[in-house]
Amino acid sequence: NIDINIDLIRSAFVSKLTQIKETKIKEFNYKVFQNILACNNLVSKWDQSKSSNCEVCGLKDDIHHLIYKCDLAQSVWNAVATHLHIYISDKDIILGVPDPILNYLFSFVAFTIYKYWLISSKKNQVRTLIGLMSLLKADLSLKASVYRHLKKIQYSQILANISESIP
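Every value quoted in this text rests on a predicted model; they were computed, and no experiment measured them.

Asker: Any chance you could explain unusual backbone geometry here in plain terms?
Answerer: Excluding glycine, residues mostly have negative phi values, and the peptide bonds linking residues are mostly trans. The phi torsion at Asn124 lies on the positive side, around 60 degrees, for a residue other than glycine. One can find Asn124 in the loop between helix H7 (100–123) and helix H8 (129–149). By relative accessible area, which is 68% here, Asn124 ends up exposed. For Lys151, which is not a glycine, the phi torsion comes out positive at approximately 65 degrees. Structurally, Lys151 can be placed in the loop between H8 and helix H9 (153–165). The exposed category is assigned to Lys151, whose relative accessible area is 69%.

See the structure below:
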């Protein structure tokens, strides 16, 4: 439900695909833009034995639901927003924000939410908030260490601070 114009597309392309250097995150963002990221709704079209609904909350599990609207995703976004003292909208996550550090953080968190869905789906396990937060905390901590080693202190600090704030 976003009014899309050419300037918004250009801005999203720059912030989500050009400014982010990490290939895995760029590919994730590209798949979100193209609406081809695997989710229950898409998988159910390939495998009719799979439900198109979210196993956590029972709603249709499209990309938007998976990375933002699901109860699990909302818990993560609320924790990040509370720590940063900001409001994070679905538009911020999908189309990006002007701040490159926050933009990377939002893409990284969304990617981790998706990665948890992939891991759980492959293992045939139901996703839980504890499992998602545990993965997110570990991934943020690891990524903070990498950025610290690369001397990208701003990135390292924000990732480490959010990692430490996750229960």
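Asker: Explain the pattern of salt bridges here, please?
Answerer: Charged atoms that come close allow side chains of opposite charge to pair. Applying the stated criterion to the full structure yields three salt bridges. Ionic pairing is found between Lys143 and Glu22, a salt bridge with its closest N-O pair at 2.8 Å. Of the two residues, Lys143 is situated in helix H8 and Glu22 in the loop between helix H1 (6–18) and helix H2 (23–34); the sequence distance between them amounts to 121 residues. Note that Asp139 is salt-bridged to Lys115, the shortest N-O span being 2.7 Å. Residue Asp139 is found in helix H8, and its partner Lys115 is found in helix H7; the two are separated by 24 residues along the sequence. Residue classification places Asp139 among the buried residues on the basis of a relative accessible area of 13%.

Asker: Explanation requested: the packing of aromatic side chains in the structure shown.
Answerer: For any pair of aromatic rings, the description rests on two quantities: the centre-to-centre distance and the angle between the ring planes. Throughout the structure, instances matching the rule amount to eight aromatic pairs. Summarising the aromatic geometry, the rings of Tyr104 and Tyr155 are spaced 5.9 Å apart at their centres and angled 70 degrees between planes, so their arrangement reads as edge-to-face. With a gap of 51 residues between them, Tyr104 in helix H7 and Tyr155 in helix H9 connect regions that are remote in the sequence. For Tyr104, a relative accessible area of 3% corresponds to the buried category. With a centroid separation of 5.2 Å and an interplanar angle of 25 degrees, the aromatic rings of Tyr147 and Tyr155 are classed as stacked.

Asker: When you look at a nonpolar patch on the surface in this model, what are you seeing that I'm missing?
Answerer: On the surface, Leu142, Val146 and Leu150 cluster together to form a nonpolar patch covering roughly 270 Å² of accessible area. As for its position among the elements, Leu150 is in the loop between H8 and H9. The class of Leu150 is partly exposed, set by a relative accessible area of 49%.

Reading the values: rules and limits
Residues numbered from 1 in each chain as written. Predicted model: local features only at pLDDT ≥ 70, side-chain atom pairs only at ≥ 80, totals over all residues. Heavy atoms only, no water. Helix = DSSP H or I, 4+ residues; strand = E, 2+ residues; numbered from the N terminus. Buried < 20%, exposed > 50% of the residue type's maximum accessible area, 1.4 Å probe, protein only. Salt bridge = Lys/Arg side-chain N within 4 Å of Asp/Glu carboxyl O. Phe/Tyr/Trp six-rings, centres within 6.5 Å; stacked < 30°, edge-to-face > 60°. Patch = residues over 30% accessible without salt bridge, like charges linked within 9 Å, V, L, I, M, F, W, Y side chains within 5 Å. Areas by Shrake-Rupley, 256 points an atom, 1.4 Å probe, with all protein chains shown as cover.

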